[in-house]
Amino acid sequence: MPVSDGGHAERAGSDERAYYRPLWVEDPAPRRRMPDPVRTASVRAVLVVSVTLIQAMVAFLCTLAGSWLTFPMVISSVVSVVVATWAALDVWVTRQVWNQRHGVVSTPSSTARSLRRERRAARRQARAAERAQGRIRRRAGAGQLSHP
């Protein structure tokens, strides 16, 4: 049974409950899944880069050991770097081609939207002023009998 200290413990308990927050809040991932061709190219690039790193490490260790495999490993590492660069570019190009063919829906930024709104409002005001000028000119000549 809790010991009462004049209501202070009860208030402290309610204060603790009011300020309780979980350590983290899980949000659903907002990003959609990568398209299949882009994901395939990405996996390929990761595999090629990892093999290149392993080859470079083996070439370095062969150099330290003074092995006869040093020269072939260095040559194959250079070739692998070229292939890894191609694989990384392949991911980029595949992504661009996918976006171009399948149309990525883009929403204009709020800045662009507000600028467009301002331009539209200015055009409306200019048209309204033009119409008002036309009405004034038409009225001015319609009811005058004494002025030429």
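What counts, and at which threshold
Starting afresh in each chain, residues are numbered from 1 along the sequence in its written order. For a predicted model such as this one, the threshold for reporting local features is a pLDDT of at least 70, and the threshold for listing and counting side-chain atom pairs is 80 or more; totals across whole chains, interfaces and linings nevertheless cover every residue. Remark: hydrogens and water are excluded; side-chain values derive from all non-hydrogen atoms of the structure. To count toward a patch, a residue needs a relative accessible area above 30% and no salt bridge. Like charges then connect within 9 Å, nonpolar side chains (Val, Leu, Ile, Met, Phe, Trp, Tyr) within 5 Å. The Shrake-Rupley method, run with a 1.4 Å probe sphere, supplies the accessible areas, and residue values consider only the shown protein chains as cover. Only one rule defines a salt bridge in this text: a Lys or Arg side-chain nitrogen within 4 Å of an Asp or Glu carboxyl oxygen. In summary, the charge assignment counts Lys and Arg as positive and Asp and Glu as negative, without counting His or the chain termini. For the purpose of locating charges, the reference atoms are NZ of Lys, CZ of Arg, CG of Asp and CD of Glu. Secondary structure elements are taken from DSSP: a helix is a run of H or I of four residues or more, a strand is a run of E of two residues or more, and numbering for both begins at the N terminus. Only C-alpha atoms enter the line fits that serve as axes; for helices the fit covers just the stretch in contact. Angles between N-to-C directions range over 0 to 180 degrees. For this classification, under 35 degrees means roughly parallel, over 145 means roughly antiparallel, 65 to 115 means roughly perpendicular, and everything else is oblique. Should the near helix be turned anticlockwise from the far one by less than a right angle, the crossing is left-handed, and should it be turned clockwise, the crossing is right-handed. Ten residues, namely Ala, Val, Leu, Ile, Met, Phe, Trp, Tyr, Cys and Pro, are considered nonpolar, four, namely Asp, Glu, Lys and Arg, are considered charged, and the remaining ones, Gly among them, are considered polar. Relative accessibility decides the category of a residue: with a 1.4 Å probe and only protein chains considered, values under 20% of the type maximum give buried, values over 50% give exposed, and everything between is partly exposed.

> Would you take a moment to explain a positive patch on the surface for this structure?
On the surface, Arg113, Arg116, Arg117, Arg119, Arg120, Arg123, Arg124, Arg127, Arg131, Arg135, Arg138 and Arg139 cluster together into a patch of positive charge. With respect to the secondary-structure elements, Arg138 resides in helix α4 (residues 110-142).

> Just to check I follow, could you spell out the packing of helix α2 (residues 36-65) against helix α3 (residues 70-102) for this structure?
Working note: a packed helix pair is described by the angle between its axes plus the distance between those axes. Contact geometry of α2 with α3 gives a least axis separation of 8 Å together with a crossing angle of 165°. Put simply, α2 runs roughly antiparallel to α3. In the packing of α2 onto α3, the handedness of the crossing is left-handed. Of the residues in the contact of α2 with α3, the class split is 19 nonpolar, nine polar and three charged.

> Can you help me understand the pattern of salt bridges in this one?
Note on pairing: side chains with opposite charge can pair once their charged atoms come close. Tallying each qualifying case throughout the model produces three salt bridges. Between Arg44 and Asp90 there is a salt bridge, with the nearest N and O atoms lying 2.6 Å from each other. Placement of Arg44 in helix α2 and of Asp90 in helix α3 is noted, with a sequence separation of 46 residues between them. Classification of Arg44 by relative accessible area gives partly exposed; the value is 35%. A network of salt bridges, in which partner residues are shared, links Arg33, Asp36 and Arg39.

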